[in-house]
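Listed below, chain by chain, are the residues.
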Amino acid sequence: MSGLTFVYLLVFPGFLFTAVLGLLVGWLDRKVSARFQFRVGPPLFQNFNDFFKLLGKETVLVKDGLRWLFVAAPLAAFGMIVLVSAMVGCALFFRSGYGGDVIVVMYLLMVYSIMVILGGSSTGNVYGSLGAGREIKLLLADELAFILVCLVPIVKSGYRLRLEELLASQAGAGAFIGSVSGVIAFLVGLLCIQAKMTLPPFHIPEAETEVVEGPLMEYGGPLLAFWKLSHFMMYVLYPFLLILLFFGGFRLEGWGILWAVLKYLLIVVLMIIIKNTNPRVRIDQAVGFFWKIAAPLAFAAVILAVMGV
Amino acid sequence: MGWYKKRLARSLWVFHVSASPCNNCDIEILDLLTPRYDVERLGIKLVGSVRHADVLLLSGVINEKVAPKVRRLYEQAPKPLFVVGVGTCPTSGCCFKNSYNTVARREDTIPIDMYIPGCPPKPEAMIEAIAKLMGVLNA
């Protein structure tokens, strides 16, 4: 571990950059959602105010429940997100590996969901357990489609797994979004991200009206701040991952910077539009959608990619 | 602490405590949270769990049956916490003041920081009260 590794992890593509950008994009999400409802919406630094306010509040530990897991789960989940953002960011900005490939990224993102499940069920709260159960079902639903979506760029790049090799392959042969299989996989991937971030229409585990934020119900103060921060960091992480897998990454010189911003904004705005125009689906509808429609589509995309289309 | 209080003033998450109300103030609170008044521009958000709350919006005269639950909700919420009494009932007891099951002293059950009189108060009055709370925190 050199000093530069810590800089990557904690400052530039990792924690600080992702957190600040994520909180700002979280504001964009809230503002655009407010405009959808003909409201004014929150001020620019609202998410920063929320985060610092939560950090200064009292931590209430649960009486019946596993206390160490209750504290450890949000911190571990936050660590996973920082690690993945450093890996994806290093590949995008520096074209260097940070020792990770697509399989590690998929694995760490799944560990985040498992941390949500453990944190929710450690509270000893009925709604927390219900939310954790729903998170398990959602994970079972979207994971297969997500893996198949990640498989498409791997196949198209000639079975390469490392993130920077995927980028190098796209730099040579054009972005994978330019092919039929790439378009299908990107669209399915967009919906998988919606489910992985538990955004509407797949905010089943955190449904405010039924299970009152589910796994997060018993969390208050700094621990809730870490959950919220991880969630806002995913607003950066997942679009970056899609850009890496399908849009050929960033070229940070000249007009490339504008293209980079446009690619990122396109994905974020698509996510916000899907979020605001769809009501919450039931668990069986979500599982049915991912297993009967999304996963076969992604599988078809993989077969098309193998055929070279 | 001044810096933190300014952050707190810009991000008050409210939790709605119904302490045996007649439902009239509750309807006005729901009106307050509609897009027409848009309290999110002040950083105010309605939360479903008391663990996330900074402000308890208490409506209704507290009777003997609900008093222990109100006390428990107050103790479950992480501090710093503010309690805003919405309507005439938390303010003065309204017409239920001498009722057989109304608690004698509401302040013994839950310390109320701010009162909004009115039966029910208009959403504008509630926004003014929250703005006063923000002014106290910003001072």
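Residues numbered from 1 in each chain as written. Chains lettered and ligands numbered in written order. Predicted model: local features only at pLDDT ≥ 70, side-chain atom pairs only at ≥ 80, totals over all residues.

## Brief notes about the overall build of chain A
For step 1, the next point in the chain: For chain A, the helix and strand inventory stands at twelve helices and zero strands.
For step 2, the next point in the chain: The helix and strand sequence of chain A, counted from the amino end, reads α-α-α-α-α-α-α-α-α-α-α-α.
For step 3, the next point in the chain: For chain A, the spread of C-alpha atoms along the principal axes amounts to about 55 × 45 × 45 Å.
For step 4, the next point in the chain: A separation of at least 24 residues holds for 79% of the contacts in chain A among residues at least 6 apart in sequence. (Helix = DSSP H or I, 4+ residues; strand = E, 2+ residues; numbered from the N terminus. Contact = placed C-beta atoms within 7 Å.)

## Structural notes on the overall build of chain B
For step 1, the next point in the chain: Within chain B, the regular secondary structure consists of six helices and five strands.
For step 2, the next point in the chain: N-terminal to C-terminal, the α/β element order of chain B is α-β-α-β-β-α-β-α-α-β-α.
For step 3, the next point in the chain: Radius of gyration (C-alpha) of chain B: 14 Å, near the 14 Å computed for a compact globule of 139 residues.
For step 4, the next point in the chain: Along the three orthogonal principal directions, the C-alpha set of chain B runs to about 45 × 30 × 25 Å.
For step 5, the next point in the chain: Across the 139 residues in chain B, those meeting the buried criterion constitute 41%.
For step 6, the next point in the chain: In chain B, of all internal contacts separated by at least 6 residues, the share reaching a separation of at least 24 is 85%. (Rg over C-alpha atoms; globule rule 2.2 N^0.38 Å. Buried ≥ 20, exposed ≤ 12 C-beta atoms within 10 Å, placed from the backbone.)

## Thoughts on the interface of chain A and chain B
For step 1, the next point in the chain: Contacts between chain A and chain B engage 26 residues on the former and 18 residues on the latter.
For step 2, the next point in the chain: Take the side of chain A that touches chain B: its biggest share by element is five residues, from helix H3 (residues 46–55) of chain A.
For step 3, the next point in the chain: Looking at the side of chain A that touches chain B residue by residue, the class counts come to eleven nonpolar, seven polar and eight charged. (Nonpolar A, V, L, I, M, F, W, Y, C, P; charged D, E, K, R; others polar.)

## As for the environment of B:Asp26
All names here are of chain B.
For step 1, the next point in the chain: Within the fold, Asp-26 resides in helix H2 (residues 24–32).
For step 2, the next point in the chain: Expressed as a C-alpha distance, the spacing of Asp-26 and Leu-58, which sit 32 residues apart in the sequence, is 9.4 Å.
For step 3, the next point in the chain: Once you skip the residues sitting within four places of it in the chain, Asp-26 turns out to touch Ser-18, Pro-21 and Ser-59.

## Things to note about the sheet that holds strand S5 (residues 114–116) of chain B
All names here are of chain B.
For step 1, the next point in the chain: If you trace the five strands from one edge of the open sheet to the other, you get S2-S1-S3-S4-S5, paired in parallel fashion. In the strand order of this sheet, the two ends are held by strand S2 (45–46) and S5, each with one partner.
For step 2, the next point in the chain: By the bridge criterion, five bridges tie strand S1 (residues 13–18) to strand S3 (residues 55–59) in an arrangement that is parallel. Looking at S3, one finds that Val-17 is bridged to Leu-58.
For step 3, the next point in the chain: Packed on one face of the sheet, H2 meets S1, S3 and strand S4 (82–86) and runs near 140° to S3.
For step 4, the next point in the chain: The sheet contacts of helix H6 (residues 123–138) involve S4 and S5, and relative to S5 the element is tilted by about 165°. (Pairing = 2+ DSSP bridges. Axes fitted to C-alpha atoms, helices over the stretch in contact; angles between N-to-C directions.)

## Quick look at helix H4 (residues 67–94) of chain A
Residues and elements named next belong to chain A.
For step 1, the next point in the chain: Taking 1.5 Å per residue, 28 residues should reach 40 Å; H4 reaches 40 Å between its end C-alpha atoms and fits that length.
For step 2, the next point in the chain: Where H4 bends most, at Ala-73, the angle is about 25°, and the proline Pro-74 comes one to four residues later.
For step 3, the next point in the chain: Of the residues trailing H4, Arg-95 is marked for its positive phi of about 55°. (Expected span 1.5 Å × (residues − 1). Bend = angle between axes of the 7 residues up to and from the residue.)

## Concerning the nonpolar core
For step 1, the next point in the chain: Grouped together as the largest cluster of nonpolar side chains are 98 residues, with contacts concentrated most on A:Val88 and A:Leu244.
For step 2, the next point in the chain: For this core, the leading source of residues is helix H10 (residues 222–246) of chain A, giving 20 residues.
For step 3, the next point in the chain: What A:Val88 contacts, discounting residues up to four positions off in sequence, is A:Val105, A:Leu163, A:Leu237, A:Phe240, A:Leu241 and A:Leu244.
For step 4, the next point in the chain: By size, the runner-up hydrophobic cluster in this structure holds 31 residues, among which are B:Ala19, B:Cys25, B:Ile44 and B:Ile116. (Core = buried A, V, L, I, M, F, W, Y, C linked by C-beta atoms within 7 Å.)

## Let's talk about the packing of helix H8 (residues 180–196) of chain A against helix H12 (residues 283–307) of chain A
Residue and element names in this part refer to chain A.
For step 1, the next point in the chain: Taken N-terminus to C-terminus, the directions of H8 and H12 make an angle of 150°; their axes are 8 Å apart at the nearest point. Relative to H12, the element H8 lies roughly antiparallel. Between H8 and H12 lies a crossing of left-handed hand. Counted together, Val-180, Ser-181, Ile-184, Ala-185, Val-188 and Leu-191 of H8 and Ala-294, Leu-297, Ala-298, Ala-300, Ala-301, Leu-304 and Ala-305 of H12 form the full contact between these two elements.
For step 2, the next point in the chain: The class makeup of the residues in the contact of H8 with H12 is twelve nonpolar, one polar and no charged. (Parallel < 35°, antiparallel > 145°, perpendicular 65-115°, else oblique. Left-handed = near helix turned anticlockwise from the far one by under 90°.)

## Some remarks on the confidence of the model for chain B
For step 1, the next point in the chain: Per-residue confidence for chain B gives a mean pLDDT of 88, with 99% of residues at or over 70.
For step 2, the next point in the chain: The ipTM for the predicted assembly is 0.88, set against a pTM of 0.90. (pLDDT = per-residue confidence, 0-100.)

## Details of the pairing of S1(B)
Residues and elements named next belong to chain B.
For step 1, the next point in the chain: Taken together, the two bridges between S1 and S2 define a ladder with parallel strand orientation. Residue pairing across strands places Val-14 opposite Leu-46, the latter belonging to S2.
For step 2, the next point in the chain: Considered for its hand, the β-α-β crossover made up of S1, H2 and S2 is right-handed. (Right-handed = clockwise from strand over helix to strand, strands pointing away.)

## Examining the environment of B:Pro121
Residue and element names in this part refer to chain B.
For step 1, the next point in the chain: With respect to the element layout, Pro-121 can be found in the loop between S5 and H6.
For step 2, the next point in the chain: Residue classification places Pro-121 among the buried positions, given that 23 C-beta atoms sit within 10 Å.
For step 3, the next point in the chain: Distance in space between the C-alpha atoms of Pro-121 and Cys-25 is 7.0 Å, their sequence separation being 96 residues.

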